[in-house]
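# Inside the fold
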Amino acid sequence: MPSILTVIRAGLAALALTAIAQQLVLHIGASYSALNFFSYFTNLSNLIAASVLLLCVFKSNRGAMDLLRYVSVVNMAVVGLVFAVLLRDVDLGALLPWVNFVLHYVMPVAIVLDWLLNPPALKLRSKSLLFAFVFPAIYLAYVVVRGAMIGWYPYPFLNPANVGGYGGVAMYSLGITATFLLAACALLVVGNRLASARSRDAVR
């Protein structure tokens, strides 16, 4: 019989995928670009989070999943923080309110809680920080290059026309990078401390 944690993870993955699918159907139905839809960091991060949750459900080797969980929790923590600070009062267009609630509130909180309540089986090495930055770095380069080519950006603070040119984009990017660094360091330290505490309890 599956554990409560397994059921919760499966339910969260299903919720996130349902929300993304519903919004994608509306997006395409309105003749918007599917590539643009998948150019939102929120959508990509939630897809990654849902995939990692499902891998945790079906994969028994926890240790092999902890690095993926770490990358996912850093992404989702930043999704929640950036939305709260920069995007909460921005017009979200055709984004359904319940989808917005799931992707920007429920999933970030749930993924962080999953990390804190179910810490890594073993302490992660410091170089795990580098893995946490691979996806965001690739994403930022993609958005800036593609935006310059087609004149469309998924977020207003990455559009040079909205922030006083590429210097403004660079400043916002540095701020978000700092947010990633703080989140990545905090989640790594806390996760490792919780992992150590669990190990000590296990040998008592």
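You'll find the structure just up there.
Residues numbered from 1 in each chain as written. Predicted model: local features only at pLDDT ≥ 70, side-chain atom pairs only at ≥ 80, totals over all residues. Heavy atoms only, no water.

Within the chain, the regular secondary structure consists of 7 helices and 0 strands. When the helices and strands of the chain are read in sequence order from the N terminus, they spell out α-α-α-α-α-α-α. Taken against the 2.2 N^0.38 rule, which gives 17 Å for 204 residues, the C-alpha radius of gyration of the chain at 18 Å falls within 12% of a compact globule. Across its three principal axes, the chain shows a C-alpha extent of roughly 60 × 35 × 25 Å. Put simply, the chain has 204 residues, and 41% of those count as buried. Contacts in the chain between residues at least 24 apart in sequence constitute 76% of all its contacts with a sequence separation of at least 6. Working note: accessible area of the chain is about 10900 Å², and carbon and sulfur atoms make up 70% of it. (Helix = DSSP H or I, 4+ residues; strand = E, 2+ residues; numbered from the N terminus. Rg over C-alpha atoms; globule rule 2.2 N^0.38 Å. Buried < 20%, exposed > 50% of the residue type's maximum accessible area, 1.4 Å probe, protein only. Contact = heavy atoms within 4.5 Å. Areas by Shrake-Rupley, 256 points an atom, 1.4 Å probe, with all protein chains shown as cover.)

As a further point, take the nonpolar core. Counting 44 residues, the largest nonpolar core has Tyr70, Val74 and Met107 as its most contacted members. Those elements giving two or more residues to this core turn out to be helix H1 (4–29), helix H3 (41–58), helix H4 (62–87), helix H5 (97–117), helix H6 (128–150) and helix H7 (166–203). In terms of residues, this core owes the most to one element, H4, which gives 10 residues. Filtering out sequence-adjacent residues up to four positions away, Val74 remains in contact with Ala132, Phe180, Ala184 and Leu187. (Core = buried A, V, L, I, M, F, W, Y, C linked by side-chain atoms within 4.5 Å.)

Looking at the secondary structure, you find Val106 in helix H5. Separated by 28 residues in the primary sequence, Val106 and Val78 have C-alpha atoms spaced 13 Å apart. With sequence-adjacent residues up to four places away left out, Val106 is seen in contact with Leu12, Leu15 and Phe101.

A word on the side chain of His104. Position of His104 relative to the elements: it lies in helix H5. Within polar-contact distance, the side chain of His104 engages the side chain of Thr42 at 3.1 Å. If sequence neighbours within four positions are ignored, His104 has contacts with Thr42, Val79, Gly80, Phe83 and Leu95. (Polar contact = N/O pair within 3.5 Å; in protein donor to acceptor, adjacent residues only side chain to side chain.)

With that out of the way, let us pick up the environment of Arg146. Residue placement: Arg146 occurs in helix H6. Given the relative accessible area of 15%, Arg146 is considered buried. Separated by 107 residues in the primary sequence, Arg146 and Ser39 place their C-alpha atoms 9.8 Å from one another. With sequence-adjacent residues up to four places away left out, Arg146 is seen in contact with Ser33, Leu35, Asn36, Ser39, Gly151 and Trp152. Separated by 2.8 Å, the side chains of Arg146 and Asn36 make a polar contact.

This brings us to H6. For H6, built from 23 residues, the straight-helix expectation of 33 Å at 1.5 Å per residue is met to within 8% by its first-to-last C-alpha distance of 34 Å. Approximately 30° is the largest bend angle found in H6, and it occurs at Val134, with the proline Pro136 only one to four residues beyond. Among the residues making up H6, those that are buried are Ser128, Ala132, Pro136, Tyr139, Val143, Arg146 and Gly147. (Expected span 1.5 Å × (residues − 1). Bend = angle between axes of the 7 residues up to and from the residue.)

The quantities given are spatial measurements derived from coordinates; they are silent on function.
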